[in-house]
There are 2 protein chains.
Amino acid sequence: MTRQRGFAEDEALLKIMRLFWAKGYEATSVADLCEVTGLGRGSLYAAFGSKQEVYERSLRHYVDVVNRHLRDQLSRQVPVRQAVRDLLLERVDDSLTERDRPGCLLVGAIVERAAHDPMAARIAQDAINATRSAFASALHSARAAGQIPYESDVESIAAFLTRMVQGLRVMSISLPDRKLLASVVDAALEALPA
Amino acid sequence: MTRQRGFAEDEALLKIMRLFWAKGYEATSVADLCEVTGLGRGSLYAAFGSKQEVYERSLRHYVDVVNRHLRDQLSRQVPVRQAVRDLLLERVDDSLTERDRPGCLLVGAIVERAAHDPMAARIAQDAINATRSAFASALHSARAAGQIPYESDVESIAAFLTRMVQGLRVMSISLPDRKLLASVVDAALEALPA
DNA sequence: ATCTTGGTGGACCGATCGGTCAACAAAGCC
DNA sequence: GGCTTTGTTGACCGATCGGTCCACCAAGAT
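Note that this is a predicted model, so its numbers are computed, not measured.

**Overview of the overall build of chain A**
Scanning chain A from terminus to terminus reveals nine helices and zero strands. Listed by position from the N terminus, the elements making up chain A come as α-α-α-α-α-α-α-α-α. Taking the principal axes of its C-alpha atoms as reference, chain A extends roughly 60 × 40 × 30 Å. Residues counted as buried form 52% of the 194 residues belonging to chain A. Taking contacts inside chain A between residues at least 6 apart in sequence as the whole, the part at least 24 apart equals 71%. Counting every atom, chain A has about 9000 Å² of accessible surface; 49% of that belongs to carbon and sulfur. Counting 25 positive and 25 negative side-chain charges, chain A places the averaged centre of each group 2 Å from the other.

**Here we look at the interface of chain A and chain B**
Counting residues at the interface gives 35 residues for chain A, matched by 35 residues for chain B. Each partner contributes to the roughly 3200 Å² buried at the junction of chain A and chain B, and carbon and sulfur atoms together form 72% of this total. When the buried area of chain A at its contact with chain B is split by residue, A:V111, A:R163 and A:S174 rank highest and sum to 20% of it. The interface formed by chain A and chain B includes zero salt bridges. Summed over the shared surface of chain A and chain B, the result is five residue pairs in polar contact (both at pLDDT 80 or more).

**Let's talk about the pattern of salt bridges**
Residue and element names in this part refer to chain A. The full count for this structure, using the stated rule, is 22 salt bridges over all chains. Salt-bridge contacts for K23 lead to D32; the nearest nitrogen and oxygen are separated by 3.1 Å. Three or more residues joined by partner-sharing salt bridges are found here, namely R5, E9 and R57.

**A few points about the packing of helix α7 (residues 118-144) of chain A against helix α8 (residues 154-174) of chain A**
Residue and element names in this part refer to chain A. One can describe the packing of α7 onto α8 by two numbers: an axis separation of 8 Å at closest approach and a directional angle of 130 degrees. Between α7 and α8, the angle is such that the two are oblique. Crossing of α7 over α8 shows right-handed handedness. Across the interface between the two elements, I128, T131, R132, F135, A136, L139, H140 and R143 from α7 touch V154, E155, I157, A158, A159, L161, T162, V165 and Q166 from α8. Taken together, the residues that form the contact of α7 with α8 break down as 10 nonpolar, four polar and three charged.

**Details of the environment of B:A22**
Residues and elements named next belong to chain B. Following the sequence through the fold, A22 ends up in helix α1 (residues 9-23). C-alpha separation for the pair A22 and L87, spaced 65 residues apart in sequence, amounts to 22 Å. Those residues within four positions of A22 in sequence are excluded, and the remaining contacts are D100 and R101.

**Some points on helix α7 (residues 118-144) of chain B**
All names here are of chain B. The end-to-end C-alpha separation of α7 is 38 Å, in line with the 39 Å expected for 27 residues at 1.5 Å each. For α7, the N-terminal cap is D117; the gap from its side-chain oxygen to the backbone nitrogen of M119 is 3.0 Å. Positioned one or two residues after α7, G146 has a phi angle of 80 degrees, which is positive.

**Comments concerning the relation of the copies chain A and chain B**
Note on the copies: chain A fits chain B at an RMSD of 0.1 Å, the axial shift is 0.1 Å, and the rotation between them is 180 degrees. Seen this way, the second copy is the image of the first under a two-fold rotation axis. Taken as a fraction of all interface residues of chain A, those also at the interface in chain B reach 100%, which identifies the copy contact as same-surface.

**Describing the environment of A:R169**
Residues and elements named next belong to chain A. With respect to the element layout, R169 can be found in helix α8. Of the residues examined, R169 reaches a relative accessible area of 4% and is grouped as buried. C-alpha of R169 to C-alpha of V107: the two residues are 62 residues apart in sequence and 9.2 Å apart in space. Residues contacting R169, with those up to four places away along its chain left out, are W21, Y62, R91, D94, S95, E98, R101, G103 and C104.

**A few points about the packing of aromatic side chains**
Here the structure, examined in full by the defined rule, presents nine aromatic pairs over all chains. Measuring from centroid to centroid gives 4.9 Å for B:F20 and B:Y55, while their planes differ by 90 degrees, and the two rings are edge-to-face. Here B:Y55 lies in helix α4 (residues 51-74) and B:F20 lies in helix α1, a separation of 35 residues in the sequence. Here B:F20 matches B:Y55 in class, with each residue buried. Aromatic ring contacts, followed pair by pair, group A:F20, A:Y25 and A:Y55 into a single cluster. One cation-aromatic arrangement involves B:K51 over B:Y25; the distance from NZ or CZ to the ring centre is 4.4 Å.

**A few points about the side chain of A:S95**
Residue and element names in this part refer to chain A. By secondary structure assignment, the location of S95 is in helix α5 (residues 80-97). Residue class for S95 comes out buried when judged on its relative accessible area of 4%. Among the polar contacts listed, one links the side chain of S95 to the backbone oxygen of R91, at a separation of 2.5 Å. Residues within four places of S95 in sequence aside, it is in contact with R169 and S172.

**Here we look at the confidence of the model for chain A**
Per-residue pLDDT for chain A averages 94, and the proportion of residues at 70 or more is 99%. Model confidence for chain A, summarised as mean pLDDT per element, is weakest for α8(A) at 92 and strongest for helix α4 (residues 51-74) of chain A at 98.

**Details of the environment of B:L33**
Residue and element names in this part refer to chain B. Topologically, L33 is positioned in helix α2 (residues 30-37). A residue is classified by how much of its surface remains accessible, and L33, at 0% relative accessible area, is buried. A sequence separation of 41 residues divides L33 from L74, and the C-alpha atoms of the two residues are 35 Å apart. Aside from chain neighbours lying at most four places away, what touches L33 is I16, L19, F20, T28, L44 and V54.

Cut-off values and rules
- Residues numbered from 1 in each chain as written.
- Chains lettered and ligands numbered in written order.
- Predicted model: local features only at pLDDT ≥ 70, side-chain atom pairs only at ≥ 80, totals over all residues.
- Heavy atoms only, no water.
- Helix = DSSP H or I, 4+ residues; strand = E, 2+ residues; numbered from the N terminus.
- Buried < 20%, exposed > 50% of the residue type's maximum accessible area, 1.4 Å probe, protein only.
- Contact = heavy atoms within 4.5 Å.
- Areas by Shrake-Rupley, 256 points an atom, 1.4 Å probe, with all protein chains shown as cover.
- Lys, Arg positive; Asp, Glu negative; His and termini not counted.
- Charge placed at Lys NZ, Arg CZ, Asp CG, Glu CD.
- Buried area = accessible area lost by both parts, 1.4 Å probe.
- Salt bridge = Lys/Arg side-chain N within 4 Å of Asp/Glu carboxyl O.
- Polar contact = N/O pair within 3.5 Å; in protein donor to acceptor, adjacent residues only side chain to side chain.
- Axes fitted to C-alpha atoms, helices over the stretch in contact; angles between N-to-C directions.
- Parallel < 35°, antiparallel > 145°, perpendicular 65-115°, else oblique.
- Left-handed = near helix turned anticlockwise from the far one by under 90°.
- Nonpolar A, V, L, I, M, F, W, Y, C, P; charged D, E, K, R; others polar.
- Expected span 1.5 Å × (residues − 1).
- Least-squares fit on C-alpha atoms with pLDDT ≥ 70 in both.
- Phe/Tyr/Trp six-rings, centres within 6.5 Å; stacked < 30°, edge-to-face > 60°.
- Lys NZ or Arg CZ within 6 Å of the ring centre and 35° of its normal.
- pLDDT = per-residue confidence, 0-100.

Next up, the structure:
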């Protein structure tokens, strides 16, 4: 019937997401998006719409992947304290490994885009609430299983851990010291009553 | 001898800093800087140099003020735990009050500028280390005074508190709930051994 | 009053921005 | 072979970007 696409949309979106992640929204031009995907402007706009729309889609993809991974890690059959510790340490390692993509697309979206792009603000807020509720439900289960005290304020701790997991990447930009970051993780774990 | 300045450099810099803080680096144009200060381009460039230079100067001013305030708060003659608590809660209040200037110029500098502007990266890193050493020295004193256990890992806790104080503003954008944020502060304080 | 010095405003510059569009290319249908 | 439909490309658009420059102006020195 008609000509078919000469590229995989998923792969292109992944490359775009990584570029936004590395450079931020404003500093990434549409020409950059064309270069990284190998697409002409027409194809890019036909597939993804405006720069703002493709950014929002990148952000959605990012938070989906991150939160899915989070839920997977928290649903493992290990004590919640260890699961959280592993999860935070893994993020430290990721940040130190991917030096070309520092920071966090989500944090970038909040500080750079939320004020200008209500949809991005909405995506970010939903992502944070999803992270929070993932922690909260893991903590509820752990409390029911007697891993943490009955009096523990699950919602507060969940919000606290959300802040930790969000901010670790940002911190590791200016403080790329694995030992110190690991000890920060352990300090944070003190908030998780035994 | 010659004509004198028709504006106060300090006030202009303050207005510029607040604008960068509110909008980020890339989204703020030189025309915006002229508008907010009331200056023509000539005066602006004569007084502050390029956009990048005035940004760096804004950032320097920001971190100076923040760190000076931090040291003042920590040097009060109150138990360190309470000093830290007051300090974190004050930041929560600030974030919720100044809704027009969400986020944190320092975090913005790290995620948006550090990769493109080595000087901004340097300023940010120095600021973080200054915050960290302010906490560390306060904790050292507190440990010497017996307020916290002798075995406490002061450096790690200092790094952890630095992360907290940095990130609270960012979190409060997407989670503008004073009660929850206050309970996050209390959860964080668990990392400060009694 | 005139000269010198330096602050001021805004016209102006080339470059680049995000976005559009028309000419062309591929693939299934007749 | 045409015909239709859709993907692709890159020239092109007006707007805006950061930065320069110059005519003008205020104020102290003479």
